[in-house]
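Here are the chains, one letter per residue:
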Amino acid sequence: MSRAQTLVLALLIVNFLLGAFCLAAARGERAAPAIRLWGWGTLIYATGLAITLQQWVPAAVGLTIGNSLISWSPIIVIEGVLANSNFRLNRRVSYSVLAMVIALLVYGNAFAESPSLINLLAPTPLAIVLFAIGAFRMLRTPPPAAKTAAIFLAVAMLLAVAVWTLRVAFIWIIARVTSDRDSVDLVISLFAIAQIVVAVACTMALFWIEVSKMETALTKVAFTDALTELPNRRAIMLRFREEESQAVRHGKQFALLILDIDHFKQFNDRYGHLTGDAVLRHVADCLSRTRRAGDALARVGGEEFVMLLTGDLSV
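The structure contained in this document is the topic of the report that follows. From a predicted model like this one, the values you see are computed outputs, not experimental measurements.

Another aspect to go through is the overall build of the chain. When helices and strands are counted, the chain shows eleven helices and three strands. Going from N to C terminus, the chain has its helices and strands arranged as α-α-α-α-α-α-α-α-α-β-α-α-β-β. The C-alpha atoms of the chain give a radius of gyration of 29 Å, which is well past the 20 Å a tight globule of 315 residues would have. Reported as C-alpha extents along the three principal axes, the dimensions of the chain are approximately 90 × 50 × 30 Å. Out of the 315 residues in the chain, the part that is buried amounts to 40%. Contacts in the chain between residues at least 24 apart in sequence constitute 65% of all its contacts with a sequence separation of at least 6. For the chain, the centre of its 28 positive side-chain charges and the centre of its 22 negative side-chain charges are spaced 6 Å apart.

Turning our attention to the side chain of Ser71. Mapping Ser71 onto the fold places it in helix 3 (residues 59-82). When its relative accessible area of 0% is taken as the criterion, Ser71 is described as buried. Every residue in contact with Ser71, bar those within four places of it in the chain, is listed here: Leu98, Val101, Leu105, Pro123 and Leu126.

Now for the pattern of salt bridges. In the structure shown here, the tally under the stated rule is seven salt bridges. In this structure, the salt-bridge partner of Asp285 is Arg289, at a minimum N-O distance of 3.0 Å. Note that Asp285 and Arg289 are positioned in helix 11 (residues 273-290) at a spacing of four residues, about one turn of the helix. A relative accessible area of 38% means that Asp285 is categorised as partly exposed. Judged by its relative accessible area of 57%, Arg289 falls in the exposed class.

Our next topic: the sheet that holds strand 3 (residues 304-310). The strand order across the open sheet formed by three strands is 1-3-2, and the pairing between neighbours is antiparallel. The outermost strands of the open sheet, each flanked by one partner alone, are strand 1 (254-260) and strand 2 (296-299). Looking at each pair of strands side by side, their axes are set apart by 15 degrees on average, direction ignored. Sheet topology note: the strand 2/strand 3 ladder contains four bridges and is antiparallel. Within the sheet, the bridge partner assigned to Ala298 lies in strand 3 and is Val306. Packed onto the sheet, helix 9 (residues 233-250) meets strand 1, strand 2 and strand 3 and runs at close to 25 degrees relative to strand 3.

The rules behind each value
Residues numbered from 1 in each chain as written. Predicted model: local features only at pLDDT ≥ 70, side-chain atom pairs only at ≥ 80, totals over all residues. Heavy atoms only, no water. Helix = DSSP H or I, 4+ residues; strand = E, 2+ residues; numbered from the N terminus. Rg over C-alpha atoms; globule rule 2.2 N^0.38 Å. Buried < 20%, exposed > 50% of the residue type's maximum accessible area, 1.4 Å probe, protein only. Contact = heavy atoms within 4.5 Å. Lys, Arg positive; Asp, Glu negative; His and termini not counted. Charge placed at Lys NZ, Arg CZ, Asp CG, Glu CD. Salt bridge = Lys/Arg side-chain N within 4 Å of Asp/Glu carboxyl O. Pairing = 2+ DSSP bridges. Axes fitted to C-alpha atoms, helices over the stretch in contact; angles between N-to-C directions.

Any functional reading would require information beyond the geometric quantities listed.
The following block contains the structure:
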């Protein structure tokens, strides 16, 4: 086994492990379509590499099937990346291009005298375009809860684009200038190492995004009243302590209003809890629309609300 084949095998194993880990993580209670699609894409990529390396079927068949799977994988992984945005791939265009790439592979492996260049280069342009689209969308519209992670993912994907572009350029130059197999072997080896780094970096970034989104969701659950979507008792107590500290330190004034709905229990008993919930949401909406911009409003009990007034209390 050559040096290039050894490193491609390492790339295969890394992608297989990353894909299996992503699919295992995506089976949890929290839906994670980005992780799940990225996992399937990396497994498809690893399978394609494995088929290109096998020696049990004719080389032309193995190379065609393997490189077709490699060409398909970026569509799946980028659909996963874009699950973190409001942008979606045009599947008709993506799969039309994929069909053309597969047709080129079939032709090259069936009829070309030297299909090596086609097998090395044909899957790459589609991956370059798709990863560039994914990086652009992560920079343009990152998830609000994970902007830093999205930027890291975009940088890693742009690194992948640079790696693949350089790979195409180097292989094309070497093929035209010299037929030295050692030079081609070295190029493939170096870029296999770079692809391992990129695969790990992108996977880490996707998990970073998911963790950031989960932290935001947990914070919202911990500090938000589920019925009215107002801050809850815990949130208003934290705000109260902040205002109290400011009052002691800087002499600022603040006031606390405690409001409740009279005879709400009788209303609930007579009209039912669903109607009572609607009333609570309506009251919360009315209070939200009448409070000043700097004031804090929270629901602290069944029908009890608190409004924390800050700033100029004479207004």
